[in-house]
Amino acid sequence: KSILISCPHENVSTKFLAPYTTFCRIHQKSVTCLDISSGGGLGVSTSTDGTMKIWQAANGEIRRLLEGHVYDVNCCRFFPSGLVVLSGGMDAQLKIWSAEDASCVVTFKGHKGGILDTAIVDRGRNVLSCSRDGTARLWDCGKSSCLGVIADCGSPVNGIAVGTADNSLNLGTPEEAPSEREIGTGGKILLLAREDKKLQGVGLQSRQPVFLFVGSDAFNCCTFLSSTYILGGTQDGNIYQLDVRNTNTPIQTIHRSGAPVLSLLPYRDGFVASQGN
């Protein structure tokens, strides 16, 4: 079921695991994004075949086809309830779907370029998106309106992540009082993986920059390991682990291959990374 390949001389080893289930019939082409519901029962995925589908995680049986985006859908994720899906596409639209009947409940418009990633604040009264237009925006699901531009980077934002900030971190003060429609934004930090080789932290409620780290190449993705430790992955294959309290020097830089780091996910005491090779 597995094969370990090592090169002791270089102190490098990789373990390849055989999949115990393969679902070949869900998509016809590359899968670009996927998520599993909190209960583990359902999967949602998007593909370069132009489709977004909800399927049974146990057997890969397709349950729903989510149709409504024009052009490619770039990202999809379940809300914590597992009954609702958030998606973003090259049509610059952010959509919320019912996993039960495949209806599109809300469409958010405001971005000027394709949406590249999304994040959900707490239980999902507010959601976040980032785009090729260089902005990250906060949205109110209840009134399907934009609550504000959290950051305007002047360069595409490839990935975002939201997390609770370490208590010692100064997140800045909002220039004006936050809307009462903002739910759960206090004490949170938004990570931005930027095309211009920068990984940035911004106070979600304050909209103020907290840190800026310059890497070796465009950042494709980012995630929180804890309230103090974060990860960012670059196009040239570097994974940077940083301490948000001092981002001058990485805690470690992991380089397994020169292939682009496409996604990062915390897992147990470590993390899972996917690369373009």
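The written sequence of each chain sets the order in which its residues are numbered from 1. Totals for whole chains, interfaces and linings use all residues, but because this is a predicted model, local features are given only for residues with pLDDT of at least 70 and pairs of side-chain atoms are given and counted only at 80 or more. Side-chain numbers here rest on the full set of heavy atoms in the structure, without hydrogens or water.

Enquirer: Could you give me a rundown of a nonpolar patch on the surface, with the residues and numbers involved?
Expert: Exposure above 30% relative accessible area and the absence of a salt bridge qualify a residue for a patch, where like charges join within 9 Å and nonpolar side chains (Val, Leu, Ile, Met, Phe, Trp, Tyr) within 5 Å. The Shrake-Rupley method, run with a 1.4 Å probe, gives the accessible areas here. Residue values count only the displayed protein chains as cover. Basic side-chain nitrogens of Lys or Arg form a salt bridge, by our definition, when they fall within 4 Å of a carboxyl oxygen of Asp or Glu. A cluster of nonpolar side chains, I3, I5 and F16, forms an exposed patch at the surface whose accessible area comes to about 300 Å². Under the scheme used here, helices are H or I runs from DSSP no shorter than 4 residues and strands are E runs no shorter than 2 residues, and both carry numbers assigned from the N terminus. Looking at the secondary structure, you find F16 in strand β2 (residues 12-17).

Enquirer: Outline the UniProt feature "repeat: WD" (unreviewed entry) in the protein, supporting the account with residue identities and numerical values.
Expert: UniProt positions are given in the numbering used here, feature names are shortened, and annotations may be inferred rather than shown by experiment. Under the feature "repeat: WD" (unreviewed entry), the UniProt entry names residues 24-65, 66-107 and 108-140. Segment residues 66-107 splits into 0% helix and 50% strand. End C-alpha atoms: 13 Å apart. Helix makes up 0% of residues 108-140 and strand 61%, with an end-to-end C-alpha separation of 9 Å.

Enquirer: Provide a residue-level description of the packing of aromatic side chains, including the pertinent values.
Expert: Ring pairs are drawn from Phe, Tyr and Trp, using the six-membered ring of Trp, whenever the two centres fall within 6.5 Å, and their geometry is named by plane angle: stacked under 30 degrees, edge-to-face over 60, tilted for the rest. Scanning all chains against the criterion turns up 5 aromatic pairs. Measuring from centroid to centroid gives 5.8 Å for F23 and W55, while their planes differ by 65°, and the two rings are edge-to-face. Residue F23 is located in the loop between β2 and β3 (31-36), and its partner W55 is located in strand β5 (residues 52-56); the two are separated by 32 residues in the primary sequence. A residue is classified by how much of its surface remains accessible, and W55, at 6% relative accessible area, is buried. An angle of 65° between the planes, with centres 6.4 Å apart, marks the rings of F213 and F219 as edge-to-face. Given the relative accessible area of 0%, F219 is considered buried. These aromatic residues form a ring-pair network of at least three members: F213, F219 and Y240. Note on classification: 1.4 Å probe, protein chains only; a residue is buried when its accessible area is under 20% of the maximum for its type, exposed when over 50%, partly exposed between these limits.

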